[in-house]
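Coordinate analysis (summary)
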Amino acid sequence: HPSNDEDVIIGQGTAALEFMDQVPSLDVIFVPVGGGGLLGGTILASKNRCKVYAGEPTLVNDAYRSLKAGEILKNESTQTIADGLRTHLGDKNFPIILNGVEEIICVSETEILEAMKHVWERMKLIIEPSSAVAIAAVKKSRGLVDDTNVGIILSGGNIDVGSFFDELEKNSLK
């Protein structure tokens, strides 16, 4: 899987490097976690500069469960609105995550949707559900990172807004 490739992990870490260069006062960076490439790269890039937290959908929380178990676990289901996070960790990024992430915060589907709405309304940015997971994790972690300079890596805007809302409406009426 691409997220388990050393070059991809290092490449994805450049987002954190650029972020820390632009905002040297960052204490914490939040990222979404699915396959673990972005999280692993962020951990490597931020070593000794700031702490790294991740957000993960509760319905596909293999990274959270793997961290607690100390071994790679997979999901039995891939049912989440955050379709970009339906993957699992690999043997190259898991040791990085195991030794470097402060915490993985699981968020509900409702929290993901609320985070998307918040960003759309306040920032006028279209973000995909997978990206909204990191924002939902920040909102859920109030008290944990208070009085710190928090950065969030927004990982993508791959969304067909019309289809997204059609699907959301169809599923919410069941």
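Everything numeric here is computed off the predicted structure, so don't read it as measured data.

1. Thoughts on the sheet that holds strand S2 (residues 51-57)
One open sheet accounts for four strands, arranged S3-S2-S1-S4; its pairing is parallel. Two strands close off the open sheet at either side, each with one partner strand: strand S3 (103-107) and strand S4 (150-152). Neighbouring strand axes in the sheet, compared pairwise and without regard to direction, differ in orientation by 25 degrees on average. Across five bridges, the pairing between strand S1 (residues 28-32) and S2 is parallel. Paired with Ile29 across the bridge in S2 is Val52. Of the strands in this sheet, S2 and S3 touch helix H3 (residues 62-69), which is tilted by about 140 degrees from S3.

2. Concerning a nonpolar patch on the surface
A cluster of nonpolar side chains, Met123, Leu125 and Leu154, forms an exposed patch at the surface whose accessible area comes to about 240 Å². When you line up the elements, Leu154 lands in the loop between S4 and helix H7 (161-172). Residue classification places Leu154 among the partly exposed residues on the basis of a relative accessible area of 34%.

3. Observations regarding the environment of Glu103
Examined against the element boundaries, Glu103 turns out to sit in strand S3. Under the relative-accessibility criterion, Glu103 is labelled partly exposed at 34%. When the C-alpha atoms of Glu103 and Val52 are compared, they prove to be 7.7 Å apart, with 51 residues separating the residues in sequence. Those residues in contact with Glu103, other than ones at most four positions away along the chain, are Val52, Tyr53, Ala54 and Leu144.

4. Focus on the side chain of Asn61
Along the chain, Asn61 falls in the loop between S2 and H3. If near-sequence neighbours (up to four positions away) are discounted, Asn61 is found in contact with Glu56, Asn75 and Cys106.

5. So, the nonpolar core
Grouped together as the largest cluster of nonpolar side chains are 24 residues, with contacts concentrated most on Ile29, Leu39 and Val101. Residues contacting Leu39, with those up to four places away along its chain left out, are Val31, Val33, Val52, Ala54, Ile97 and Val101. By size, the runner-up hydrophobic cluster in this structure holds 21 residues, among which are Ile127, Val133, Ala137 and Val138.

6. A closer look at helix H1 (residues 6-22)
Its 17 residues place the ends of H1 25 Å apart at the C-alpha level, agreeing with the 24 Å of an ideal helix rising 1.5 Å per residue. The complete set of buried residues in H1 reads Ile9, Gly13, Ala16, Phe19 and Met20. Looking at the buried residues of H1, the elements they touch are S1, helix H2 (37-46), helix H4 (94-100) and S4. A distance of 2.9 Å separates the backbone nitrogen of Asp7 from a side-chain oxygen at the start of H1, and that oxygen is part of Asp5.

The rules behind the values
- Residues numbered from 1 in each chain as written.
- Predicted model: local features only at pLDDT ≥ 70, side-chain atom pairs only at ≥ 80, totals over all residues.
- Heavy atoms only, no water.
- Pairing = 2+ DSSP bridges.
- Helix = DSSP H or I, 4+ residues; strand = E, 2+ residues; numbered from the N terminus.
- Axes fitted to C-alpha atoms, helices over the stretch in contact; angles between N-to-C directions.
- Contact = heavy atoms within 4.5 Å.
- Patch = residues over 30% accessible without salt bridge, like charges linked within 9 Å, V, L, I, M, F, W, Y side chains within 5 Å.
- Areas by Shrake-Rupley, 256 points an atom, 1.4 Å probe, with all protein chains shown as cover.
- Salt bridge = Lys/Arg side-chain N within 4 Å of Asp/Glu carboxyl O.
- Buried < 20%, exposed > 50% of the residue type's maximum accessible area, 1.4 Å probe, protein only.
- Core = buried A, V, L, I, M, F, W, Y, C linked by side-chain atoms within 4.5 Å.
- Expected span 1.5 Å × (residues − 1).
- Polar contact = N/O pair within 3.5 Å; in protein donor to acceptor, adjacent residues only side chain to side chain.

The values are spatial; any link to function lies outside them.
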